[in-house]
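# Tertiary structure, described
Take a look at the letters that make up each chain.
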Amino acid sequence: MPYNLLKGKKGIIFGALDENSIAWKTAERVHEEGGTFVLTNAPVAMRMGQIKELAEKTGSQIIPADATSEEDLQNLVSQATEILGGKLDFVLHSIGMSINVRKGKAYTDQNYAWTQKGTDVSAMSFHKTMQTLYKQDAMNEWGSIVALTYMAAQRVFPDYNDMADNKAYLESIARSFGYFFGRDKNVRVNTISQSPTPTTAGSGVKGFDGFIAYAEKMSPLGNATALDCANYTVSLFSDLTKRVTLQNLYNDGGFSNMGVSDAVMDAFVDAQEK
């Protein structure tokens, strides 16, 4: 049920690929709550996805942009503020990519050119995005910037590979740049650490089905869905969270505070007895 939490607010949503993506669900929920936005993704990703369908559904315009390109980002922000009729109130960064993961390269056998490309796409692009917004003074006071992360930034998930490093860097950027954005412009910057979610990007991680099943058994509330994350993001874009900033916020059904659960112990014991 919509509450008009974002009525009159406008922004940019990065990373919507298809209806499984968190950015896609977020765009739908922002639209339902009265927000307006432009959609953006890299040209290669746009060819793979169905972003035009989402744009039609939400009455949004699409601005292709490579988030690793400062020139593309400057053009994106300039166009977005022109299309939307003023400064922005929210930005969602939902971008992540590891060529090492995609190509099956182990963490102990990195192709460092691929590693650097993944870091640029998954983390440095967040700094570049915020720097562009900051320099162009493109955010309204009490605006909100959110990036999506995963708790492999804090704990070891072997097959998450160099994406774990990228997420740790992303979270650090959120805190560091968030300080300056808060001090100088009263803008909030946070990350959401989401449950493993069956998106197109997430499904490329080796053993991802195991991640999901394990987290489901560990979490007292079960895994958070893409829609759950979209709803949480809406709350962070709204005025209800005006002084929440520099936080890495867990949306994971309680997984992050669990040591072990009965369900996991029972499964382990059953396996040992067979």
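What you are looking at is a predicted structure, and each value in this text was computed from that prediction instead of being measured.

So, on to the nonpolar core. Most often, soluble globular proteins keep nonpolar side chains buried together rather than apart. Formed by 32 residues in total, the largest nonpolar core has its most connected members in I12, F126, L133, I145 and F181. Counting only elements with at least two residues in this core, the list comes to β1 (10–14), α4 (70–84), β4 (88–93), α6 (112–135), β5 (139–149) and α7 (163–185). Excluding its chain neighbours within four sequence positions, the residues that come into contact with F126 are H93, I145, A147, L170, I173, A174 and V189. By size, the runner-up hydrophobic cluster in this structure holds 25 residues, among which are I22, A27, L92 and L148.

This brings us to the packing of α4 against α6. Axis separation between α4 and α6 bottoms out at 10 Å; the angle between their running directions is 45°. Classified by the angle between their axes, α4 and α6 sit oblique to one another. Viewed along their axes, α4 and α6 form a crossing whose handedness is right-handed. Residues E70, L73, Q74 and V77 of α4 pack against K128, T129, Q131, T132 and L133 of α6. In terms of residue class, the contact of α4 with α6 is made up of 3 nonpolar, 4 polar and 2 charged.

The next thing to look at is a negative patch on the surface. On the surface, D262, D266, D270 and E273 cluster together into a negatively charged patch. Tracing the sequence through the fold places D262 in helix α10 (residues 262–273). Overall, D262 belongs to the exposed group, its relative accessible area being 63%.

Turning our attention to the pattern of salt bridges. This model, assessed by the stated rule, comprises 9 salt bridges. Residue D239 pairs with K9 through a salt bridge whose shortest N-O separation is 3.0 Å. Placement of D239 in the loop between α9 (226–237) and β7 (248–251) and of K9 in the segment before β1 is noted, with a sequence separation of 230 residues between them. By relative accessible area, D239 is classed as partly exposed at 43%.

In this section: the side chain of K10. Along the chain, K10 turns up in strand β1. Of the side chains with opposite charge, D89 lies nearest to the buried K10, which makes no salt bridge, at 4.0 Å. Apart from residues no more than four positions distant in its own chain, K10 is found in contact with T36, L84, G85, G86, K87, L88, D89, F90 and N140.

We now examine the sheet that holds strand β6 (residues 188–194). Ordered by their spatial adjacency, 7 strands build an open sheet running β3-β2-β1-β4-β5-β6-β7, and the pairing between neighbours is parallel. Edge positions in the sheet fall to β3 (61–62) and β7, since each of these pairs with one other strand and no more. Here β4 runs beside β5; their pairing, made up of 5 bridges, is parallel. Opposite F90, over in β5, you have S144 as the bridge partner. Packing against the sheet, α4 makes contact with β1, β2 (36–40), β3 and β4, and its axis sits at approximately 140° to β1. Each of β1, β4, β5 and β6 is contacted by α6, which is oriented at about 170° to β4, the strand it contacts most.

Let's shift gears to a nonpolar patch on the surface. Together, V260, M265, F268 and V269 make up an exposed nonpolar region whose accessible area comes to about 340 Å². Along the polypeptide, V260 turns up in the loop between β7 and α10. Taking the relative accessible area as the measure of exposure, V260 reaches 43% and is therefore partly exposed.

Moving on, we get to the environment of G86. Looking at the secondary structure, you find G86 in the loop between α4 and β4. The class of G86 is partly exposed, set by a relative accessible area of 23%. Each C-alpha atom of the pair G86 and A138 lies 8.1 Å from the other, and the pair is 52 residues apart in sequence. Among residues more than four places away in sequence, those in contact with G86 are K10 and T81.

Reading guide: rules and limits
- Residues numbered from 1 in each chain as written.
- Predicted model: local features only at pLDDT ≥ 70, side-chain atom pairs only at ≥ 80, totals over all residues.
- Heavy atoms only, no water.
- Core = buried A, V, L, I, M, F, W, Y, C linked by side-chain atoms within 4.5 Å.
- Buried < 20%, exposed > 50% of the residue type's maximum accessible area, 1.4 Å probe, protein only.
- Helix = DSSP H or I, 4+ residues; strand = E, 2+ residues; numbered from the N terminus.
- Contact = heavy atoms within 4.5 Å.
- Axes fitted to C-alpha atoms, helices over the stretch in contact; angles between N-to-C directions.
- Parallel < 35°, antiparallel > 145°, perpendicular 65-115°, else oblique.
- Left-handed = near helix turned anticlockwise from the far one by under 90°.
- Nonpolar A, V, L, I, M, F, W, Y, C, P; charged D, E, K, R; others polar.
- Patch = residues over 30% accessible without salt bridge, like charges linked within 9 Å, V, L, I, M, F, W, Y side chains within 5 Å.
- Areas by Shrake-Rupley, 256 points an atom, 1.4 Å probe, with all protein chains shown as cover.
- Salt bridge = Lys/Arg side-chain N within 4 Å of Asp/Glu carboxyl O.
- Lys, Arg positive; Asp, Glu negative; His and termini not counted.
- Charge placed at Lys NZ, Arg CZ, Asp CG, Glu CD.
- Pairing = 2+ DSSP bridges.

The analysis is restricted to geometry; functional conclusions fall outside its scope.
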